[in-house]
Amino acid sequence: MGNTSKGAISMANESAKSAAQNKNIGPVILLGPPGAGKGTQSRRIVEHYGVPQISTGDLLREHVARGTALGLEAKAIMARGELVPDELMYGIVACRLRELDCRNGFVLDGFPRTAAQAGWLDAFLEKAVFENSQKCPLIVIQLLVDYNQLLLRIAGRRSCPTCGRTYNIHTQPPLRDELCDVDGTKLLIREDDREEVIAGRLATYETQTRPVADYYRAQNRLMAIDADRKMEEVTAQIFGVIDGHC
Ligand SMILES: [Zn+2]
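Residues numbered from 1 in each chain as written. Predicted model: local features only at pLDDT ≥ 70, side-chain atom pairs only at ≥ 80, totals over all residues.

Draft legend 1. A look at the overall build of the protein chain. Regarding its fold elements, the protein chain presents 9 helices and 7 strands. If you line up the protein chain on its principal axes, its C-alpha atoms span 60 × 55 × 40 Å. Each of the 246 residues in the protein chain was classed as buried or not, and the buried ones make up 22%. Considering only contacts in the protein chain between residues 6 or more positions apart, those separated by 24 or more positions represent 71%. (Helix = DSSP H or I, 4+ residues; strand = E, 2+ residues; numbered from the N terminus. Buried ≥ 20, exposed ≤ 12 C-beta atoms within 10 Å, placed from the backbone. Contact = placed C-beta atoms within 7 Å.)

Here you go:
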C-alpha cells in the first residue's frame with residue numbers, strides 16, 4: 001500500500017474516532033471466559049469512544065489505598081478473610097459512576113458478577129446517573145468461543161524467560177520448535193496456562209457468570225458475538241453493536 005492511501009485511511013480512522021468520542025454510548029458490559037479477548041476488546045472500546053473502563057478490583061484497591069470510609073470498611077472485612085459484601089461494592093460503584101467522565105458511557109469490568117448485582121445496576125441506571133444527558137440503555141455483549149478452541153488457544157501460549165516475547169504454538173509458532181526466535185532460549189508455559197489449571201479456571205468462570213448471562217438473556221438484552229475470529233473482526237462487530245443501539 002502506498003503512503004498516500006495509508007495516510008488517507010489513517011485520516012479516515014481518525015475522523016471516525018473523533019466522531020465516536022463525542023457520542024453517548026451508555027454503559028457497556030462484556031462477558032466472556034478467560035482467553036476470549038475481553039481485555040483487548042475493552043481497551044479498544046475505551047480508546048475508540050473515549051470512555052473510561054471501570055474495574056471494581058481497581059476501585060476497591062484505590063479506596064483501600066486512599067483510606068476512604070468505604071476503603072477502611074472493605075479492608076477490615078478482607079483482613080478477616082471475608083468477601084466484600086454487595087452493599088459496600090454498590091457504594092463504591094455508585095460513587096464512581098456519578099463522576100463526570102462517565103457521562104458519555106463506560107465499560108464495566110468485574111461487575112456485575114451475580115444476578116443480584118445486575119438487578120442493582122439496572123435500578124441504579126434507571127434513576128438516571130446524569131439527569132441532563134440523554135439516557136442510553138445498557139449494552140451487554142457476550143463473547144462466544146468454542147470451548148475446545150479456547151483450551152487449545154490458551155494451552156498453546158509460550159513465553160521466553162529471557163526476552164519476554166510471547167508465542168503460540170498453534171497460531172504464532174517460533175521458527176524452531178519451542179525455542180525463542182530472538183535468543184534461542186527454551187520457551188516456557190505459564191503456570192496459569194497449564195491445561196489442568198485452565199480447565200479449572202474455565203469451570204469457575206462458567207459457574208460464576210452463568211447467572212449474569214442468564215439474567216440478561218431472559219430479558220432479551222444479551223448480544224452474543226462469535227469471538228472465534230480475528231480480533232479486528234470481533235472489534236468491528238462490537239463497534240457496530242454500540243453504534244447501532246442508541
Ligand atoms: Zn527470547
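What follows picks up the thread again.
Draft legend 2. Just helix α2 (residues 38–49), in detail. Under the 1.5 Å per step criterion, the end-to-end length of α2 is 16 Å for 12 residues, consistent within 8% with the ideal 16 Å. Within α2 the residues assigned to the buried category are Gln41, Ile45 and Tyr49. Down the axis of α2, the smallest arc covering the buried residues is 45 degrees, so these residues share one side. (Expected span 1.5 Å × (residues − 1). Arc of directions from axis to C-beta.)

Draft legend 3. Expanded view of the nonpolar core. By size, the foremost hydrophobic cluster in this structure holds 34 residues, and its most contacted members are Val28, Leu30, Val107, Ile141 and Leu143. Setting aside anything within four residues of it in sequence, one finds Val107 in contact with Val28, Leu30, Ser42, Ile45, Val46, Val51, Gln53 and Ile54. (Core = buried A, V, L, I, M, F, W, Y, C linked by C-beta atoms within 7 Å.)

Draft legend 4. Local environment of the packing of α2 against helix α9 (residues 231–245). Across the interface, α2 lies against α9 with an axial gap of 10 Å and an inter-helix angle of 50 degrees. If you check the angle between α2 and α9, you find them oblique. With respect to the hand of their crossing, α2 and α9 are arranged in right-handed fashion. Each of Thr40, Gln41, Arg44, Ile45 and His48 in α2 lies in contact with α9, whose residues at this interface are Met231, Val234, Thr235, Ile238 and Phe239. Grouping the constituent residues of the contact of α2 with α9 by class yields 5 nonpolar, 4 polar and 1 charged. (Axes fitted to C-alpha atoms, helices over the stretch in contact; angles between N-to-C directions. Parallel < 35°, antiparallel > 145°, perpendicular 65-115°, else oblique. Left-handed = near helix turned anticlockwise from the far one by under 90°. Nonpolar A, V, L, I, M, F, W, Y, C, P; charged D, E, K, R; others polar.)

Draft legend 5. Layout of unusual backbone geometry. In the segment running from Phe111 into Pro112, the intervening peptide bond is cis, with an omega of -5 degrees. Mapping Pro112 onto the fold places it in the loop between β3 (105–109) and α6 (115–126). Of note in this structure, Glu178 is not a glycine but carries a positive phi near 60 degrees. Along the chain, the position of Glu178 falls in the loop between β6 (166–168) and α8 (195–218). Residue classification places Glu178 among the partly exposed residues on the basis of 14 C-beta atoms within 10 Å. In this model, Asn220 sits at a positive phi of 60 degrees, which is unusual for a non-glycine residue. Tracing the chain through its elements places Asn220 in the loop between α8 and β7 (222–226). Of the residues examined, Asn220 has 7 C-beta atoms within 10 Å and is grouped as exposed.

Draft legend 6. Summary view of the environment of Thr235. For Thr235, the location among the structural elements is in helix α9. Here the alpha-carbon distance between Thr235 and Ala118, two residues 117 residues apart in the chain, equals 24 Å. What Thr235 contacts, discounting residues up to four positions off in sequence, is Gln41 and Arg44.

Draft legend 7. Expanded view of the sheet that holds strand β4 (residues 139–144). Reading across from one edge, β2-β3-β1-β4-β7 is the order of the 5 strands in this open sheet, with parallel pairing throughout. Single-partner strands in this sheet number two, and they are β2 (53–55) and β7. Taken pair by pair, the neighbouring strands of this sheet meet at an average axis angle of 25 degrees, ignoring direction. In the sheet, β4 pairs with β7 via 5 bridges, with the strands oriented parallel. Counterpart to Ile141 in the pairing with β7 is Met223. Sheet strands in contact with α2 are β1 (26–31), β2, β3 and β4, and its direction is about 165 degrees off that of β3. (Pairing = 2+ DSSP bridges.)

Draft legend 8. Quick look at the pairing of β3. Among the 5 residues of β3, 4 are classified as buried, and the element is accordingly described as predominantly covered. Of the strand pairs in this sheet, β1 and β3 are connected by 4 bridges, and their pairing is parallel. Note on β3: the bridge partner recorded for Ile29 is Leu108. With 3 bridges joining them, β2 and β3 adopt parallel strand pairing. By the bridge assignment, Gln53 is partnered in β3 with Val107.

Function cannot be read off these values alone, since they describe shape.
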